[in-house]
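# Geometric and topological summary
Here is what each chain is made of, one letter per residue.
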Amino acid sequence: MGEHKAVEVVHFNPSDPREPCRLATRRTPIPGPGEVVIRMLCRPVNPSDLLAIQGLYEGWQPTSFPCVPGFEGMGVVHQLGVNVRDLSVGQRVSCVSPKSHETGQGTWQEFVVVPAQLQFPIPDSVDNETGAQFLVNPWTVYAMLHELRVPNGEYVVQTAAGSVFGRMFIQYAHYQGIKTINLVRRNEQKEELKAIGADEVINFKEENVVELVKKITGGKMAFGAIECVGGELTKVVASCLRTSGTILVYGVLGDPDLHIGIHDILFRDVKVQGFWLSRWFGKLAAFEMRKIGAEIMTLLDKKIMQPLAGEKFPLELFKEAILKSQVIGRGGKVFLVS
């Protein structure tokens, strides 16, 4: 049994996700029955990873420290456990590491042991950076758009539209025939997002969002919305929806508290509902996971959804990668690579 490098979390720090992390050496695992060992090559630094390290992510509460973070990534199959037949050594896979908070087997390390049935082969035509982002963003885009049940030709409002996630939402909605109204904070993002399929882009810092949505929709207002900023912006988004419209809240990039007008809830029946991908996964049978996973990989392969790749950092420079991932307008997803 050899050893490998890993990023370990030794405690939670709500104010600084860099401080509780250290570079450590771990024993390289051996796969049990139905498991595989993946040699990790590329891992995105997602907002959910940082929330986990800060102790602010409900689904990542380790039973003991130190623990390795990282919800997703890609690598090559290094070793097969017994009864594993659908994968082969050297095969590239998108790595899914469930219950990493309990097992310590997050993806921010050089080798990880995971259930074979949850690993998805990456086609040769899909690059490492795209394969590494297979899980968190594409599945959330797919799931939320289906949960909202938006009819073709109707409008959906989204906040943080310039993010990697926001761009993928625009692309997939456009593919499904659903129109998007995208809220951003910088004017230079407008043409950039329209070039990838955005129907309307509004600078919520400078423009009257509600009046513009009313004009765009001919007074009907938007069918639904997805929201991840919080604070007063949630209240603005609620006012953009028609009666009985639904806002799906899926993140906390800004204010951890959200505001909403009583008028919208009481008289217009606007609903605010949380969306957590882990809970949505819990509703799916194994065969449904495989079916949807194959569909999402095809969407990535055909570049219908194209996750924006940014700067890459060696695993050892995890603190610099974390810092870069928090920069607004950084130009794509930050990665840790081995």
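It should be noted that the structure appears before, not after, this text.
Summary of the structure given here. (Residues numbered from 1 in each chain as written. Predicted model: local features only at pLDDT ≥ 70, side-chain atom pairs only at ≥ 80, totals over all residues. Heavy atoms only, no water.)

This brings us to the side chain of Thr-159. Tracing the chain through its elements places Thr-159 in the loop between strand E8 (155-158) and helix H5 (164-175). Given a relative accessible area of 0%, Thr-159 falls into the buried group. (Helix = DSSP H or I, 4+ residues; strand = E, 2+ residues; numbered from the N terminus. Buried < 20%, exposed > 50% of the residue type's maximum accessible area, 1.4 Å probe, protein only.)

All right, on to the sheet that holds strand E12 (residues 241-249) then. Reading across from one edge, E10-E9-E8-E11-E12-E13 is the order of the six strands in this open sheet, with parallel pairing throughout. At either end of the open sheet lies a strand with only one pairing partner, and these are strand E10 (200-203) and strand E13 (271-274). Here the strands of the sheet are splayed against their neighbours by 20 degrees on average, with no regard to which way each runs. Here E8 runs beside strand E11 (residues 222-227); their pairing, made up of three bridges, is parallel. Across the sheet, Gln-158 pairs through a bridge with Ile-226, a residue of E11. Strands E8, strand E9 (179-184), E11 and E12 of the sheet are contacted by helix H8 (residues 232-239), whose axis makes an angle of about 145 degrees with E12. (Pairing = 2+ DSSP bridges. Axes fitted to C-alpha atoms, helices over the stretch in contact; angles between N-to-C directions. Contact = heavy atoms within 4.5 Å.)

Here we take up the pairing of E12. Among the nine residues of E12, seven are classified as buried, and the element is accordingly described as predominantly covered. Bridge count between E11 and E12: five bridges; the pairing is parallel. Note on E12: the bridge partner recorded for Ile-226 is Leu-248. For the segment spanning E11, H8 and E12, crossover handedness is right-handed. (Right-handed = clockwise from strand over helix to strand, strands pointing away.)

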